[in-house]
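One letter stands for each residue in the lines below.
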Amino acid sequence: MKKQRCCSLGDHALLSASSSHRWLHCTPSAVLERSKEDKSSNAAAEGTAAHELSEHKLREFLKIKTVRPLSKYDSPELEYYTDVYVDYACELISEAYSRSSDPVILVEQRVAFTDWVPEGFGTADLMVVADKTMDVLDLKYGKGVQVSAEDNPQLRLYALGALAMFDYLYDIETIRMTICQPRLDNYSTCEMPVVELLHWAENELKPKAELAIKGEGEFCTGDHCRFCRVRATCRARADRNFELIKMDFKKPDLLTDEEMAEVLVRVDELKRWAVDVWAYAEEEAIAGRKSWGGYKVVQGRVTRKYTDENAVAGAIIAAGFKEEDIYSVSLLGITALEGLLGKKQFKEILGDLIIKPEGKPTFVPESDKRQEYNPAMTDFK
Ligand code: SF4
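Predicted model, so just to flag it, every value in this text is computed and none were measured. (Residues numbered from 1 in each chain as written. Predicted model: local features only at pLDDT ≥ 70, side-chain atom pairs only at ≥ 80, totals over all residues. Heavy atoms only, no water.)

### Side note on the overall build of the chain
Check the secondary structure of the chain and you find 13 helices and five strands. A principal-axis box enclosing the C-alpha atoms of the chain has dimensions of 80 × 65 × 55 Å. Evaluated residue by residue, the chain yields a buried proportion of 35% over its 381 residues. For the chain, contacts bridging at least 24 residues in sequence account for 66% of all contacts bridging at least 6. Of the roughly 25,300 Å² of accessible surface on the chain, 54% is carried by carbon and sulfur atoms. With 51 positive and 64 negative side-chain charges, the chain shows a separation of 5 Å between the mean positions of the two kinds. (Helix = DSSP H or I, 4+ residues; strand = E, 2+ residues; numbered from the N terminus. Buried < 20%, exposed > 50% of the residue type's maximum accessible area, 1.4 Å probe, protein only. Contact = heavy atoms within 4.5 Å. Areas by Shrake-Rupley, 256 points an atom, 1.4 Å probe, with all protein chains shown as cover. Lys, Arg positive; Asp, Glu negative; His and termini not counted. Charge placed at Lys NZ, Arg CZ, Asp CG, Glu CD.)

### As for the sheet that holds strand E1 (residues 104–112)
Overall, mixed pairing links the five strands, which are arranged E1-E2-E3-E4-E5 in an open sheet. Looking at the sheet topology across the chains shown, the edges are occupied by E1 and strand E5 (186–193). The mean angle between the axes of side-by-side strands here comes to 25°, regardless of whether they run parallel or antiparallel. With eight bridges connecting them, E1 and strand E2 (residues 121–130) associate as antiparallel partners. Counterpart to Arg 110 in the pairing with E2 is Thr 123. Here helix H3 (residues 42–61) sits on the sheet and contacts E1, E2 and strand E3 (133–139); the angle it forms with E1, its principal contact strand, is near 145°. (Pairing = 2+ DSSP bridges. Axes fitted to C-alpha atoms, helices over the stretch in contact; angles between N-to-C directions.)

### Considering the domain arrangement of the chain
Along its sequence, the chain is organised into domain 1 (20–214), domain 2 (231–286) and domain 3 (313–352). For domain 2 and domain 3, the distance between their C-alpha centres works out to 46 Å. (Domains from an automatic or database assignment.)

### Side note on the environment of Ser 16
Topologically, Ser 16 is positioned in the segment before helix H1 (20–25). C-alpha separation for the pair Ser 16 and Leu 157, spaced 141 residues apart in sequence, amounts to 9.1 Å.

### As for the pattern of salt bridges
The final tally for this structure, using the stated rule, is 26 salt bridges. A salt bridge links Glu 55 to Arg 59, with the nearest nitrogen and oxygen atoms 3.1 Å apart. Here Arg 59 and Glu 55 lie together in helix H3, a separation of four residues that amounts to about one turn. Notably, a salt bridge pairs Glu 77 with Arg 183, separated by 3.7 Å at the nearest N-O pair. Residue Glu 77 is found in helix H4 (residues 76–99), and its partner Arg 183 is found in the loop between strand E4 (174–181) and E5; the two are separated by 106 residues along the sequence. Since its relative accessible area comes to 15%, Arg 183 is described here as buried. Each of Lys 57, Arg 68, Glu 79 and Asp 83 takes part in salt bridges that share partners, so that together they form one network. (Salt bridge = Lys/Arg side-chain N within 4 Å of Asp/Glu carboxyl O.)

### Quick look at the site of the ligand
In the neighbourhood of the ligand, the contacting residues comprise Arg 22, Cys 26, Ser 29, Phe 219, Cys 220, Thr 221, His 224, Cys 225, Cys 228, Val 230, Arg 231 and Cys 234. Partitioning the shell around the ligand into residue classes produces seven nonpolar, three polar and two charged. (Near = heavy atom within 4 Å. Nonpolar A, V, L, I, M, F, W, Y, C, P; charged D, E, K, R; others polar.)

### A short note on H4
In an α-helix there are 3.6 residues to a turn, and that puts residues three or four apart on one side. With 24 residues, H4 extends 35 Å between its outermost C-alpha atoms, agreeing within 8% with the 34 Å of an ideal straight helix rising 1.5 Å per residue. Taken as a whole, H4 has its buried residues at Leu 78, Tyr 80, Tyr 81, Thr 82, Val 84, Tyr 85, Val 86, Ala 89, Cys 90, Leu 92, Ile 93 and Ala 96. (Expected span 1.5 Å × (residues − 1).)

### Section: unusual backbone geometry
At Glu 108, a residue that is not glycine, the phi angle is positive and equals roughly 45°. As for its position among the elements, Glu 108 is in strand E1. A relative accessible area of 11% places Glu 108 in the buried class.

### Things to note about the packing of aromatic side chains
Tallied over the full model, the rule gives six aromatic pairs. Look at Phe 166 and Tyr 170: their rings are 6.0 Å apart centre to centre, the planes differ by 70°, and that puts the pair in the edge-to-face class. Consider the rings of Trp 278 and Tyr 295, whose centres lie 5.6 Å apart with planes at 80°: the pair is edge-to-face. Taken together, the residues span a long stretch of sequence, with Trp 278 in helix H8 (residues 257–286) and Tyr 295 in the loop between H8 and helix H9 (309–318) at a distance of 17 residues. A relative accessible area of 56% places Tyr 295 in the exposed class. Directly above the ring of Trp 200 sits Arg 156, whose terminal nitrogen or CZ lies 4.9 Å from the centroid. (Phe/Tyr/Trp six-rings, centres within 6.5 Å; stacked < 30°, edge-to-face > 60°. Lys NZ or Arg CZ within 6 Å of the ring centre and 35° of its normal.)

And the structure:
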């Protein structure tokens, strides 16, 4: 049976740990999101497959009975990156054994944080309690957005759930929360004393959760809108974006550099909003649920394709052509080869044959974590 990763006593928690970043910033969002069907994306389904395979591998490592899951996402890449996560988790477990002869290790553990969040439940990927420290490890299989463990409410909620389970048994003083995002080579850890976590839970989390469960509080737009289910139709977001557009430019006819800089800081969010609105309108129109004045649905342009590749090959060979004339062979990509050989052997055999070329200069907001590109330094090198 397939396991639901984010769950409540029912199917899904209204105030889930995974969406806490959003409902903590914008408390009415959780109730509003309920009005929109939760369509699991391809990326989410791939993430579930990665978690199920990782759980299986970790259970094997811990010598717990397990059956290897099968999924349509099985591939050398999935194999490789789940191995990277499991290696990381195993190191964390070994380190716990170096501190305590009897650590508590829980894989894909359901936790409840209902003392602070009404009906709040979730599933933590790995929790390890050893000595006075508890580790909470979360696998992020996505590679679209780099996730940090700093100020990460999802990890804090798992930690609170784990504390509710163990605090009366163990004298836990420190929580160490880690994000493992192997496809971005991102490993981020944040340590927090238990007293600080509990202070945050009582003074920030609990009051906001009480508003969020009732759909009350102030709408607040920001980066957290990105995965909100109502991001295309949310009035607060539309109002905010129209406010951004209403810029009061005076003469001369061309924008000054200062005005251009002002436009640029607004453009990122406006682009995202436009894409969301377009995707929503398109989906509704194609499904036949809505029509929009000035727009219609047509059939897309198509290219020719074979009905049966084997039959095509057979027909060409029968016509006197050779196999080498009609098939092309290409080398596997770096990630797939690394998955095939394993990291160690890959490095031994191909280490000298892999280079990392300079990235193309890319224009990004100042908040981007990458170091500023300096052409003079590159020329010098
Ligand atoms: S789109 Fe943004 S502002 Fe609107 S409900 Fe969602 S999180 Fe709140």
